[in-house]
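Report on the structure
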Amino acid sequence: MSERVSTHGQWSSRFAFVLAATGSAVGLGNIWKFPYITGENGGGAFVLVYLVCIALVGIPIMMAEILIGRRGRASPINTMRMLARDENRHGIWQVVGWSGVVAGFIIISYYSVIAGWGLAYVFRSAAGVFNGVDAAAAKSIFDGLVLDPEKLLAWHTIFMVMTTIVVSRGVRSGLEQAVRVLMPALFVILLLLVGYAMNTGRFMEGVAFLFKPDFGALSAGGVLTAMGHAFFTLSLGMGAIMVYGSYLPKDASIARTSITIAVIDTLVALLAGLAIFPVVFANGLEAANGPSLIFNTLPLAFGHMPWGAFFGTLFFILLVFAAWTSAISLIEPAVAWLVENQGINRVKASTLVGVVAWLLGIVTIMSFSRWRFEFNFAGEKKTTGLFDVFDILTANFMLPLGGLAMALFAGWFMSRQSVVEELGMGDRVGFRLWYYVVRYVTPVAVVVVFLQLIGVIDIKDWK
Ligand code: PFF
């Protein structure tokens, strides 16, 4: 088969791809979501399940997703359609691409609202609003933002416009340089925050919370959330990494690349956890604070450290950048498909996608104030909004199912020869290990997590 060429161009090198894919992976998921879901799910045991999922499910699926993308060299929908045809499989496989596009729309719609919180905090921090604040003041600053739909709409609009502009110019221009500078900066500032956390006197409590597993604190839903987060944080299961893989040069090593991305991504999340929980404990806050966790705790850190306003501003700028480079990858699959199949140019395609996502974002905005409802969950009364529904639907269901389908496609429905050829690691130990994991271990792990959720099996019985 003659090799396909992407109509959207290629990364300049493997390193450019690593930067872009790391930009996609590292985002709000690491700094905003990981700490709050860890807090809600009791800490250590949750983190352990999450780490196991990164290794056994995340990395193998990332390799599968990249190899599928590079072989198809098109938007995920067309890639799945073409590869299914090449391998004499049913055209139904393109559903994987479609479900990814839908998941991308839903995720970007709320992702942009949360990134908007980050934007708002850049200005609040720069204005010195956090100087000397206590927990109650930090909370009221946050509430003043999320309970005001107009403010949220303004920030959401700005973030969506920023994202659409970059995507309309092609994901490659600018992204490479930006990630190259900003990612190390983010790392440094996280280290600084961890340094602050060490001085709170409660650092070891934070460490114990994150790394000492207490399985009693982990529910079946928590196990699913941990696995779902492995997908979310690595941008897997919806075609974002697949579409980036479609721009990857032929000679780049997919295995090394995937491991590098997963390691960086995990480090950022763990650093964020180490920075936040000691501050939570030192200020008598609730670990299970929900989506507001970092916005209620970090102002306390920045409000009390030397040069806090400066570092706080820098931190939130970097957070917004990290979110930006992820948001771009969330809409790229839809944009690439529109350009390929509807014959419209990138600018129009990105605008169209941006407008639809922006409208959908209004649902999330309203779900923090007006549009809330109560429901019973396992005997507990919970108040929630459609934001939670969007989040659970995508991260806990659509991404894992999409990823499972990709693992099955690469492991069982593509010929071994195509897979060996595309991965380019030969048919040696490394390849065989991955092939075994992606054919058996990964699918079984995903299915087991779903089965324990519906109560067919109970993971706690296995202790
Ligand atoms: N990985 C991103 C984060 O952790 O913030 C979020 C994300 C980006 C999820 C792209 C899915 C995706 F396709």
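Our subject is the structure listed above.
Residues numbered from 1 in each chain as written. Predicted model: local features only at pLDDT ≥ 70, side-chain atom pairs only at ≥ 80, totals over all residues. Heavy atoms only, no water.

Once that is clear, we can look at the pattern of salt bridges. Considering all chains together, one arrives at 12 salt bridges under this definition. Asp 143 is the partner of Lys 139 in a salt bridge, and the nearest nitrogen-oxygen pair spans 2.7 Å. Placement of the pair is Lys 139 and Asp 143 together in helix α6 (residues 135-146), with a separation of four residues, close to one helical turn. The class for Lys 139 is partly exposed, based on a relative accessible area of 44%. For Arg 416, the salt bridge identified is with Asp 427, shortest N-O distance 2.9 Å. A residue pair is termed long-range when its members are at least 10 positions apart, and Arg 416 in helix α17 (residues 416-423) and Asp 427 in the loop between α17 and α18 (429-453) qualify at 11 residues. Residue Arg 416 is classed as partly exposed on the basis of its relative accessible area, which comes to 36%. (Salt bridge = Lys/Arg side-chain N within 4 Å of Asp/Glu carboxyl O. Helix = DSSP H or I, 4+ residues; strand = E, 2+ residues; numbered from the N terminus. Buried < 20%, exposed > 50% of the residue type's maximum accessible area, 1.4 Å probe, protein only.)

The subject of this paragraph is empty space enclosed by the protein. Overall, the coordinates contain three cavities of 30 Å³ or more when judged by the stated rule. Taken together, the elements giving at least two residues each to the lining of the largest cavity come down to α1 (14-25), α2 (28-40), α5 (94-126), α10 (220-233) and α14 (308-342). Tallying contributions element by element places α14 first for the lining of the largest cavity, with three residues. For the second largest cavity, the calculated volume is near 60 Å³. Along its surface, the second largest cavity is lined by Ala 178, Val 179, Leu 182, Met 183, Leu 186, Leu 318, Phe 321, Ala 322 and Thr 325. Elements with a contribution of two residues or more to the lining of the second largest cavity: α8 (175-198) and α14. (1 Å grid on protein atoms, 1.4 Å probe; cavity = no way out; pocket = protein on both sides within 12 Å on 5 of 7 lines; lining within 4 Å. Points joined across faces, edges and corners; volume = space filled by probe spheres on them.)

Turning our eyes to something else, we now look at the site of the ligand. The immediate surroundings of the ligand are formed by 15 residues, with Ala 25, Gly 29, Tyr 111, Phe 232 and Ser 235 found nearest. In this structure, Leu 28 approaches the ligand through a main-chain N or O atom, which is 3.1 Å from an oxygen atom. Between the ligand and Ser 235, the relevant distance is 3.0 Å, taken from a nitrogen atom to a side-chain nitrogen or oxygen of the residue. Coverage of the ligand by the protein amounts to 100% of the 340 Å² it exposes when considered alone. Within the residue set of the shell around the ligand, elements represented by two or more residues are α1, α2, α10 and α14. (Near = heavy atom within 4 Å. Polar contact = N/O pair within 3.5 Å; in protein donor to acceptor, adjacent residues only side chain to side chain. Areas by Shrake-Rupley, 256 points an atom, 1.4 Å probe, with all protein chains shown as cover.)

A few words now on the packing of aromatic side chains. Enumeration over the complete set of coordinates arrives at 36 aromatic pairs. Between Trp 32 and Phe 387 the ring centres are 6.3 Å apart and the planes differ by 45°, which places this aromatic pair in the tilted class. In this pair, Trp 32 is assigned in helix α2 and Phe 387 in helix α16 (residues 386-413), connecting sequence segments 355 residues apart. On the basis of relative accessible area, Trp 32 is assigned to the buried category, the value being 0%. Among the residues examined, Phe 387 registers a relative accessible area of 2% and is labelled buried. Between Phe 321 and Trp 324 the ring centres are 5.3 Å apart and the planes differ by 50°, which places this aromatic pair in the tilted class. Taken as a pair, Phe 321 and Trp 324 lie in helix α14 at a separation of three residues, close to a single helical turn. (Phe/Tyr/Trp six-rings, centres within 6.5 Å; stacked < 30°, edge-to-face > 60°.)

Of note, Arg 73 is a non-glycine position whose phi angle comes to about 55°, a positive value. If you trace the backbone, Arg 73 turns up in the loop between α3 (44-72) and α4 (76-86). Of note, the phi angle at Ser 235 is positive, near 60°, even though the residue is not glycine. If you trace the backbone, Ser 235 turns up in the loop between α10 and α11 (240-245). For Ser 235, a relative accessible area of 11% corresponds to the buried category.

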